[in-house]
Amino acid sequence: MLREKIINAINEVGFDEYKEISSSDIIFADAVFASCKANTCGNYGQNYSCPPLSGDMAENKQRFLKYAHAIIINKIVFLGKYYEKMEESGAQVAELLDQLRQKLEDEPVMIAGPGGCNLCKECAAKLSEPCRFPEQKRYSLEGSGMDIVSMSRKLGMTYNAGDKKVGFFMMVLY
Ligand code: SF4
């Protein structure tokens, strides 16, 4: 029943692909944390859903593996001929994710997405203050150490769609 509700919500919001897996098949890799550290997204140490503030690998795994099932969702977006639409595309994905969260807000699910938690305009981590809404914190796939690129390849999902189109991955756990 819950599974059907989730699938219906995914279809109603309108994503491009989804795959169902057992949460035990989620791939975590220390290299993802290392690449977060080297990355320039600006969230490393500045967002409670990103490393090192998201916790160590064991903590992150535990957070996801307490759910038995996972559905990986993909939305393919166009980044622009000269990548000028990156921000716009990110906002489009965030909007779809918000719609999905609203549809499933009363269900016992956890929804994780790309990037750090965006619940507050500015994460309290930047001010060295405690998280303002720890119960509603939005977890990140990469920020939790998940190797979503390897997983998407393994599952035959689209990461690079060509012509400056890429897949943005999200996950519903239940
Ligand atoms: S709820 Fe606010 S303070 Fe907490 S992780 Fe999210 S953005 Fe940061």
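Residues numbered from 1 in each chain as written. Predicted model: local features only at pLDDT ≥ 70, side-chain atom pairs only at ≥ 80, totals over all residues. Heavy atoms only, no water.

- As named in an unreviewed UniProt entry, the protein chain is DUF2284 domain-containing protein, taken from Acetobacterium fimetarium.

1. Quick look at empty space enclosed by the protein
Okay, so step 1: The tally for this structure, following the rule as stated, stands at 1 cavity of 30 Å³ or more.
Okay, so step 2: If you add up the space inside the largest cavity, you get close to 90 Å³.
Okay, so step 3: Around the largest cavity sit Asn47, Tyr48, Cys117, Leu119, Cys120, Cys123, Ala124, Cys131, Arg132, Phe133 and Lys137, which together line it.
Okay, so step 4: Its residues placed into classes, the lining of the largest cavity shows 8 nonpolar, 1 polar and 2 charged. (1 Å grid on protein atoms, 1.4 Å probe; cavity = no way out; pocket = protein on both sides within 12 Å on 5 of 7 lines; lining within 4 Å. Points joined across faces, edges and corners; volume = space filled by probe spheres on them. Nonpolar A, V, L, I, M, F, W, Y, C, P; charged D, E, K, R; others polar.)

2. Points about the site of the ligand
Okay, so step 1: Taken together, Tyr48, Cys117, Leu119, Cys120, Cys123, Ala124, Cys131, Arg132, Phe133 and Lys137 are the residues near the ligand.
Okay, so step 2: Counting atoms within 2 Å of the grid points, the majority share of the ligand lands in the largest cavity.
Okay, so step 3: Residue composition of the shell around the ligand, by class: 8 nonpolar, no polar and 2 charged. (Near = heavy atom within 4 Å. Sits in = over half its atoms within 2 Å of the grid points.)

3. Description of the packing of helix 1 (residues 2–13) against helix 4 (residues 86–103)
Okay, so step 1: Running from N to C, helix 1 and helix 4 point in directions that differ by 145 degrees, and their axes come no closer than 10 Å. Considering the relative orientation of helix 1 and helix 4, their crossing is right-handed. Packed against helix 1, whose contacting residues are Ala9, Ile10, Glu12 and Val13, the element helix 4 presents Leu96, Gln99, Leu100 and Lys103 at the interface.
Okay, so step 2: When its residues are assigned to classes, the contact of helix 1 with helix 4 shows 5 nonpolar, 1 polar and 2 charged. (Axes fitted to C-alpha atoms, helices over the stretch in contact; angles between N-to-C directions. Helix = DSSP H or I, 4+ residues; strand = E, 2+ residues; numbered from the N terminus. Left-handed = near helix turned anticlockwise from the far one by under 90°. Contact = heavy atoms within 4.5 Å.)

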